[in-house]
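The residues making up each chain are set out below.
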Amino acid sequence: MTDTSALYEPLIERELAAIPAAARAFAAQHSEEELWIAVTRFAVLAYAPSQHAKRAVMACRAAHDLREELGERWIEMIIECARYAAESRQPWSEPPILDMPVVDDAQPSDAGELRAAIAAKDRHRMERWLAARIEDAHDDLRSVAKGDALLMLDTAIALEKLLGQKGRYALLRIVLFELLLDSEEVTESIEVLIDRAIENQGSVASVRDVFIRSVGLHQHSLPVPPLAPYPLARDYAQTLIAHAIARTLPARVAEFLAAVHHNLEHGESFAEWSFA
């Protein structure tokens, strides 16, 4: 059995108690960075349309963004990402798509074809479009992405830089799934959305809007408070993601994070929905 197979076996079987030892053994043989890469690839390939599955992918990105702040506890957060990816994987989901569909020169590949495929709710047509445009799909996807689709596109682009181009199709295919779902565009200012999230004590819906509106904002140099690893399924990993995007927020950062932590400690737990 290869090192990667030994790591993936408890994730596939969702043997949560066995994941920490398997992860630490893999990191000892390779590195914490290689462990993060392996866990993130698993999360991407295990994705099936669900809130937990997409947040598991976002959590991997957030964990990498916070690796310096986490320091020696980074491996603990990677392990929590691995547990979350395993929990959120649906046993009945279709096998992961590793290869792009075969397309020929006659395959339409302009933005109009993408919009038409979305309007028709034709995922296979969208996948053929993506295969034809895999080298330069970002701009056209950005022109139609909103809501969670925009979040996943931003996540996919960031992860592509870290994972390499080999997984580009699997990453961007996640965006296609999100484009098939109805999602309203978030148009209010980031300041208004932060205020609302604080007023709502870090509710999942209000914090999600902050995440969406933060896409594309520039980072500032203010320090981010430390975060202890925790079971990510409890709040759809929003506390981890909130710490990762905190440097992009223009105001009330400490209050926003306090509200998110209040929700983590006192809000509804969503963990029971991740493990069937």
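Provided above is the structure to which this section pertains.
Residues numbered from 1 in each chain as written. Predicted model: local features only at pLDDT ≥ 70, side-chain atom pairs only at ≥ 80, totals over all residues. Heavy atoms only, no water.

**Observations regarding the packing of helix α14 (residues 238–245) against helix α15 (residues 253–266)**
And then number 1: Axis separation between α14 and α15 bottoms out at 9 Å; the angle between their running directions is 170°. Here α15 runs roughly antiparallel to α14, going by the angle between their axes. Packed against α14, whose contacting residues are Gln-238, Thr-239, Ala-242, His-243 and Ile-245, the element α15 presents Phe-256, Leu-257, Val-260, His-261, Asn-263 and Leu-264 at the interface.
And then number 2: Here the residues of the contact of α14 with α15 are counted per class, giving six nonpolar, five polar and no charged. (Axes fitted to C-alpha atoms, helices over the stretch in contact; angles between N-to-C directions. Helix = DSSP H or I, 4+ residues; strand = E, 2+ residues; numbered from the N terminus. Parallel < 35°, antiparallel > 145°, perpendicular 65-115°, else oblique. Contact = heavy atoms within 4.5 Å. Nonpolar A, V, L, I, M, F, W, Y, C, P; charged D, E, K, R; others polar.)

**A look at helix α1 (residues 3–13)**
And then number 1: Taken as a whole, α1 has its buried residues at Leu-7, Tyr-8, Pro-10 and Leu-11. Relative to the axis of α1, the buried residues are bounded by an arc of 160° and lie together on one face.
And then number 2: Residues of α1 that are buried make contact with α2 (19–29), α3 (32–45) and α6 (74–88).
And then number 3: Downstream of α1 by a residue or two, Arg-14 has a phi angle that is positive, lying close to 55°. (Buried < 20%, exposed > 50% of the residue type's maximum accessible area, 1.4 Å probe, protein only. Arc of directions from axis to C-beta.)

**Structural notes on the pattern of salt bridges**
And then number 1: The tally for this structure, following the rule as stated, stands at 20 salt bridges.
And then number 2: Ionic pairing is found between Arg-247 and Glu-69, a salt bridge with its closest N-O pair at 2.2 Å. In this pair, Arg-247 is assigned in the loop between α14 and α15 and Glu-69 in helix α5 (residues 67–70), connecting sequence segments 178 residues apart.
And then number 3: A relative accessible area of 28% means that Glu-69 is categorised as partly exposed.
And then number 4: Between Arg-208 and Asp-209 there is a salt bridge, and its shortest N-O distance comes to 3.1 Å.
And then number 5: Looking at Asp-209, the relative accessible area reads 19%, which means it is buried. (Salt bridge = Lys/Arg side-chain N within 4 Å of Asp/Glu carboxyl O.)

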